[in-house]
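Architecture and fold: a report
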Amino acid sequence: MNNQWVEFANNVKRLYGKDFVPLHEPTFNDKEVEYVTDCIKTGWVSSVGAYVTQFEEELAKFVGMKHAVAVVNGTAALHIALKVAGVEAEDEVLMPSLTFIATANAVSYLGAVPHFIDVSMETLGIDPSVLKIHLNKITELREGELFNKETGRRIKALVPMHTFGHPVDMEGIQGICNDYRIELVEDAAESLGSYYKNKHTGSFGKISAISFNGNKIMTTGGGGAIITDDATLASYAKHLTTTAKIQHSWEYRHDEIGFNYRMPNLNAALGCAQLEKMPEFIAQKRLLTKRYEQLITNLQGVHLFKEPKSCKSNYWLQTLILEDVINRDEVLAILNENGVMSRPIWTPMHKLNMFKDCPRMNLRVTEFLNERVINIPSTPIKEGIL
Ligand SMILES: *Cc1c(COP(=O)(O)O)cnc(C)c1O
């Protein structure tokens, strides 16, 4: 078992032509330098400047939605998306336990409570069939709103997350949101460039969040965006993320407690350059999956996770699922010691101290995957090198 993983590590290093292969690195060239230099030369580096608007317009076009609001990071995007979707203190918000901490944190910032749902082996995201059974058991509709009979709290929204870029079963999810009268807010932080039945992830719900952190498929240094087709929600999100300031030539007037969440022009400039390369990044990532597929044919007891049916994934992070639970830490140790940066999937939210008492259903698949999923280097590589 050890030898085959050492050999795999050597093959990955050969693939990348490096002695140490990070999990995910940003890819820049002259375009990024040109746009960012333009900000510095003109002095427009901060909260005013043309790149923010340009980035918002180009991003909206890329995802096929009417509006995008650029913000400081994906967590802030989720926070405001949930707020404008109507989530209030003491509400419950349905979400996977198997997610990055930001999903649960954003809900908590509003004084709301995460309610953890199990995931599907096919998508790694929320499983609508088990969710439905769970909701039938513990909820009731009262005057058009959904309530948890066990906690007495209102269930306001459902936040599916497209794990490592793989789209969730959105038809199933949308059906549940309609039937149970809950808002659909997508955490599309990882899935820019991923499609469910030819429709971009993040375009199914009322409003969604994307992240442009340094390790995501494209980056703005740090950054995020709220996307929606709803003009009222978009302008409210813009207002809240820009300190709720009322337009005036010189006076400072604010009509509620807002947030300083606007993406700086410098970051938006980087974003404009990166967005131009998205088709290339996606093609390279999908090619990388093919190469990994070849490399793991020699490996016993593991398979490479592939995009769900009817979906086109951005393959943001390449994912291996081990058959045998006892191997996970051993495999991670061998790969990391041999210069191939690899990481386990996140500790599920319900196992963290802050969220251990939150309501949840049986999380059988979440626990199964938690013990078996690892991510391997996923930086896009140029076709010529591959
Ligand atoms: C990256 C990420 C976010 C947002 O992260 P930021 O670092 O705040 O941009 C949110 N949810 C998930 C699932 C993520 O992977």
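It should be noted that the structure appears before, not after, this text.
Residues numbered from 1 in each chain as written. Predicted model: local features only at pLDDT ≥ 70, side-chain atom pairs only at ≥ 80, totals over all residues. Heavy atoms only, no water.

**Looking at the nonpolar core**
- Residues Leu82 and Ile226 are the most contacted members of the largest nonpolar core, which totals 54 residues.
- Here the element with the most residues in this core is helix H4 (residues 74-84); it accounts for 7 residues.
- Residues lining this core come from more than one domain, with at least three contributed by each of domain 1 (2-25 + 278-376) and domain 2 (30-276).
- For isoleucine 226, the residues in contact, after removing those within four places along its chain, are His67, Ala68, Val69, Val71, Ala77, Ile80, Ala81, Ile207, Ser208, Ala237 and Thr241.
- Membership of the second largest hydrophobic core comes to 44 residues, among which are Val36, Val63, Ala268 and Leu369. (Core = buried A, V, L, I, M, F, W, Y, C linked by side-chain atoms within 4.5 Å. Buried < 20%, exposed > 50% of the residue type's maximum accessible area, 1.4 Å probe, protein only. Helix = DSSP H or I, 4+ residues; strand = E, 2+ residues; numbered from the N terminus. Domains from an automatic or database assignment. Contact = heavy atoms within 4.5 Å.)

**Quick notes on the state of the cysteines**
- For the structure on display, the rule yields 0 disulfides.
- With no disulfide partner, cysteine 39 has as its closest neighbouring cysteine sulfur the one in cysteine 272, 8.7 Å distant.
- Classification of cysteine 39 as buried rests on a relative accessible area of 1%.
- Distance from the sulfur of cysteine 311, which forms no disulfide, to the nearest cysteine sulfur (cysteine 177) is 17 Å. (Disulfide = S-S within 2.5 Å.)

**Section: the sheet that holds strand S9 (residues 199-200)**
- Taken in spatial order, the 3 strands of this open sheet run S9-S8-S13, and their pairing is antiparallel. Each of the sheet's edge strands pairs with one partner strand only, and the pair in question is S9 and strand S13 (311-312). (Pairing = 2+ DSSP bridges.)

**Thoughts on the sheet that holds strand S12 (residues 302-304)**
- Within the open sheet, the 4 strands sit side by side as S12-S14-S16-S15. Their pairing is antiparallel. With partners counted over all chains shown, the strands left at the sheet margins are S12 and strand S15 (343-344), one partner each.
- Along the sheet face, helix H10 (residues 278-295) touches S12, strand S14 (318-322) and strand S16 (373-376) and points at about 30° away from the line of S14. (Axes fitted to C-alpha atoms, helices over the stretch in contact; angles between N-to-C directions.)

**Considering the site of the ligand**
- Taken together, 15 residues lie near the ligand, and Gly74, Thr75, Glu190, Ser211 and Lys216 sit nearest.
- Between an oxygen atom of the ligand and a main-chain N or O atom of glycine 74, the distance comes to 2.7 Å.
- Between the ligand and the protein, one listed contact pairs an oxygen atom with a side-chain N or O atom of threonine 75 at 2.5 Å.
- It is H4 that contributes the most residues to the shell around the ligand, 3 residues altogether.
- Residue composition of the shell around the ligand, grouped by class: 5 nonpolar, 7 polar and 3 charged. (Near = heavy atom within 4 Å. Polar contact = N/O pair within 3.5 Å; in protein donor to acceptor, adjacent residues only side chain to side chain. Nonpolar A, V, L, I, M, F, W, Y, C, P; charged D, E, K, R; others polar.)

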